[in-house]
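Here's the letter readout for the chains.
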Amino acid sequence: MGTGIDVGAYRVSSLGREALRFALSGEPPSKVYVEIGPGKGRLAVIFALLSFRCHLYDSDPSLVEHYRSLTHCFGLEDQLFFKLKDVRNIRYGDLPEGIGVVVAERVLHHLRFRESVKVLKILRNRMFPGGRVFLSLSGLNSPIGEGYPHASLPVEKRYAPLPPDVANKFKITGKVCLYTPEDVRWLMGKVGGFKEILVRLTDFGNVMAVYERM
């Protein structure tokens, strides 16, 4: 699964800032943080330094040593846990109970729509009420969507590779399901058990969303 450019390795995104605002507000129902597809991002380290217990899941084997080094460097062996796992195959036993914060930044569009529904339902059932999910997905109407062959299909049927020039530009390999804000609302409606806090397009045209577990 090609994950594309790892933006989170260089800066905290607007989605990450929303998650941190929530963390610092004192509103999370627990200090248990889960991130799927974290790449080399720094957000989980910040949460760990805020005393959250952070559980990370990614299919990139090079990240095993990366996070081992990070936990040793910052003394976070009891706070930051990385598991080599394709997010499609996450099961209840992989996840901690009582999750307060979930982040999935630019990862779910690599899954089929039905796979994203399944993963989010599993996460939902491990969350406390009042916990929040922070999502970003590549936008159908962003530059990533130029020439996308499934653009005219409903979101449930979208899953295709990008045109070679677009794929090379954004370093995205494999098939993707691109989203509009309405598609994300449809996705979360299918998952159920969440209320919308925020759904908007970024300046680039990706979709950013925040939902709260009811």
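From a predicted model like this one, the values you see are computed outputs, not experimental measurements. (Residues numbered from 1 in each chain as written. Predicted model: local features only at pLDDT ≥ 70, side-chain atom pairs only at ≥ 80, totals over all residues. Heavy atoms only, no water.)

Draft legend 1. Summary view of the sheet that holds strand β5 (residues 127–137). The strand order across the open sheet formed by 7 strands is β3-β2-β1-β4-β5-β9-β8, and the pairing between neighbours is mixed. Looking at strand neighbours, the two that pair on one side only are β3 (80–84) and β8 (194–201), the edges of this open sheet. If you compare each strand with its neighbour and ignore which way they point, the axes differ by 15° on average. As paired strands, β8 and strand β9 (residues 207–213) are joined by 7 bridges and run antiparallel to one another. From the neighbouring strand, Glu196 faces β9, where its bridge partner is Tyr211. With respect to the sheet, helix α3 (residues 63–74) is in contact with β2 (53–58) and β3, its orientation differing from that of β3 by roughly 170°. Running over the sheet, helix α4 (residues 113–125) touches β1 (32–36), β4 (99–105), β5, β8 and β9 and is turned about 150° from β5. (Pairing = 2+ DSSP bridges. Helix = DSSP H or I, 4+ residues; strand = E, 2+ residues; numbered from the N terminus. Axes fitted to C-alpha atoms, helices over the stretch in contact; angles between N-to-C directions. Contact = heavy atoms within 4.5 Å.)

Draft legend 2. Summary view of the pairing of β5. For β5, the tally of buried residues reaches 9 of 11 residues, placing the bulk of the element in the interior. Note that β4 and β5 share 6 bridges and pair parallel. Considered in β5, the bridge of Ala104 is made with Leu135. Sheet analysis places β5 next to β9, joined by 6 bridges and oriented antiparallel. Within β9, the position partnered with Val133 by the bridge is Tyr211. (Buried < 20%, exposed > 50% of the residue type's maximum accessible area, 1.4 Å probe, protein only.)

Draft legend 3. Region of the structure containing the pattern of salt bridges. Evaluation of the coordinates by the stated rule reveals 12 salt bridges. Taking the shortest distance from any N to any O, the salt bridge between Arg88 and Glu115 comes out at 3.4 Å. Of this pair, Arg88 sits in the loop between β3 and β4 while Glu115 sits in helix α4, and the two are 27 residues apart along the sequence. Taking the shortest distance from any N to any O, the salt bridge between Arg158 and Asp183 comes out at 2.7 Å. Remark: Asp183 occurs in helix α6 (residues 181–191) and Arg158 occurs in the loop between β5 and β6 (160–161); sequence separation between them is 25 residues. The same class applies to Arg158 as to Asp183, namely buried. Several salt bridges share partner residues, and in doing so they unite Glu27, Arg132, Lys195 and Glu212 into one network. (Salt bridge = Lys/Arg side-chain N within 4 Å of Asp/Glu carboxyl O.)

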